[in-house]
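# Analysis of the macromolecular model
What follows is each chain in one-letter form.
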Amino acid sequence: MIQLREDIAWVRDAAGRLAPFDNVRLAASIQNAVATAGLAEHLLAESIASAIHLYTTDTCRQQTIAASEIAELVNAVLTMLDLDEIARAYEQRRQFAEIRLDRLTESADFELGFYRRLDSELTAVVDDDLELVQLRGLRACVMRLRGARRWGESCRVLADEIIGFVRERVRQVSRAGTLYVEVME
């Protein structure tokens, strides 16, 4: 029998699916709340994400934690640290999610890899029961994928394809069909 690594933790979503605990994603979510509250505390987000990961690997049965429990733990830690503004901003983050398209093109595996990463992001967002998905960085994303210096017809076509892909994928995986897509620049 193959034994699992001791430092791997798992997150169970509302549908019961397991995904590896992603410190970077949790830290980014907390950092967004910190920025929304108007503060510039960079180490806080990473510290809380690492602490929750450590808690999960050390004390949770089968090193598994529910996604909803992570949100409760983050709010509890922020409240305990007397950071009520950040806790409120973190709680409100469940209303919408932001996907940075320009960041999804940072590796060199072209359009196929981009769409694969975008699909993973959309699946994670839909699993969070949000109301709105904001897409940012579309222009930079398209120009990087096209290798273009100036916006042209092929860029416009690709931008339309990406938006169409997002809307169709959200429609397919959204449980209640109440998730809206908004393109921001």
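Quick look at the structure, then. Quantities reported herein were computed from a predicted structural model and do not represent experimental measurements. (Residues numbered from 1 in each chain as written. Predicted model: local features only at pLDDT ≥ 70, side-chain atom pairs only at ≥ 80, totals over all residues. Heavy atoms only, no water.)

## Side note on the overall build of the protein
Threshold: Working definition: helices are DSSP H or I runs of at least four residues, strands are E runs of at least two. Numbering for both runs from the N terminus. Contacts are assigned to residue pairs that have any heavy atoms within 4.5 Å of one another. In this description, accessible areas are obtained by the Shrake-Rupley approach with a 1.4 Å probe, and a residue is regarded as covered only by the protein chains that are shown.
The secondary structure content of the protein amounts to eight helices and six strands. Reading the protein from its N terminus to its C terminus gives the helix and strand order β-β-α-α-β-α-α-β-α-α-β-α-α-β. Long-range contacts, defined here as pairs at least 24 residues apart, represent 65% of the contacts in the protein between residues at least 6 apart. Carbon and sulfur atoms make up 52% of the accessible area of the protein, which totals about 11,500 Å².

## Section: the packing of aromatic side chains
What counts here: Two rings from Phe, Tyr or Trp (for Trp, the six-membered ring) form a pair when their centres sit within 6.5 Å of each other. Planes less than 30 degrees apart are called stacked, planes more than 60 degrees apart edge-to-face, and all others tilted. We call a residue buried when its accessible area falls under 20% of the maximum for its residue type, exposed when it is over 50%, and partly exposed in between, using a 1.4 Å probe and counting protein chains only.
Counted by the stated rule, this structure contains two aromatic pairs. Seen in terms of ring centroids, F114 and Y115 are 5.3 Å apart; in terms of plane orientation they differ by 70°. Their pairing is edge-to-face. This pair shows no difference in class: F114 is buried, exactly as Y115 is. Aromatic side chains Y115 and F165 sit 5.0 Å apart centroid to centroid with 75° between the ring planes, which places their arrangement in the edge-to-face category. Of this pair, Y115 sits in helix 6 (residues 110–127) while F165 is found in helix 8 (residues 153–173), placing the two residues 50 residues apart along the sequence. One aromatic cluster is present, formed by F114, Y115 and F165 through successive ring pairs.

## A short note on unusual backbone geometry
Negative phi values dominate among residues other than glycine, just as trans dominates among peptide bonds. Although it is not a glycine, D82 sits at a positive phi angle of roughly 60°. Assignment of secondary structure puts D82 in the loop between helix 3 (67–80) and helix 4 (84–92).

## Digging into the pattern of salt bridges
A pair can form between side chains of opposite charge whenever their charged atoms are brought close. Inclusion rule: Salt bridge, as used here, is a side-chain nitrogen of Lys or Arg placed within 4 Å of a carboxyl oxygen of Asp or Glu.
Tallied over the full model, the rule gives five salt bridges. Of the charged contacts in the structure, one is a salt bridge between E153 and R156, with a shortest N-O distance of 2.4 Å. Within this pair, E153 and its partner R156 are both found in helix 8, separated by three residues, close to a single helical turn. Here the salt bridges share partners, and the residues they tie into one network are E153, R156 and D160.

## As for the sheet that holds strand 1 (residues 10–12)
We apply this condition: DSSP calls a pair of strands paired once it identifies at least 2 bridges connecting them. Helix axes are fitted to C-alpha atoms over the stretch in contact, other axes to C-alpha atoms as well, and angles between N-to-C directions run from 0 to 180 degrees.
Pairing in this open sheet of three strands is mixed, and the strands run 2-1-3 from one edge to the other. Looking at strand neighbours, the two that pair on one side only are strand 2 (18–20) and strand 3 (64–66), the edges of this open sheet. Averaged over neighbouring strand pairs, the angle between their axes works out to 35° when direction is ignored. Bridge count between strand 1 and strand 2: three bridges; the pairing is antiparallel. Across the sheet, V11 pairs through a bridge with A19, a residue of strand 2. On the sheet, helix 3 packs against strand 1 and strand 3 and is oriented at approximately 80° with respect to strand 3.

## Structural notes on the environment of D22
The residue D22 is located in the loop between strand 2 and helix 1 (23–36) in this model. D22 sits eleven residues away from V11 along the chain, and the two C-alpha atoms are 8.6 Å apart.

## Observations concerning helix 3
Going by this rule: For a helix, the expected span equals 1.5 Å multiplied by the number of residues minus one. Taken from the helix axis, the directions to the C-beta atoms give the arc we talk about.
In this model helix 3 runs 20 Å from its N-terminal to its C-terminal C-alpha over 14 residues, within 8% of the 20 Å that 1.5 Å per residue would give. Turning to helix 3, its buried residues are I70, A71, V74, N75 and L78. When helix 3 is viewed along its axis, its buried side chains cluster within an angular range of 130° and face the same direction. Projecting away from the buried face of helix 3 at angles above 90 degrees are the exposed residues E72 and M80. Close packing links the buried residues of helix 3 with strand 1, helix 1, helix 2 (42–59), strand 3 and helix 4. With its phi angle positive at about 60°, D82 sits one or two positions after the end of helix 3.

## Considerations on the environment of E121
If you trace the backbone, E121 turns up in helix 6. Each C-alpha atom, one on E121 and one on L101, is 10.0 Å from the other, the two residues being 20 residues apart in sequence. Once you skip the residues sitting within four places of it in the chain, E121 turns out to touch I99 and L104.

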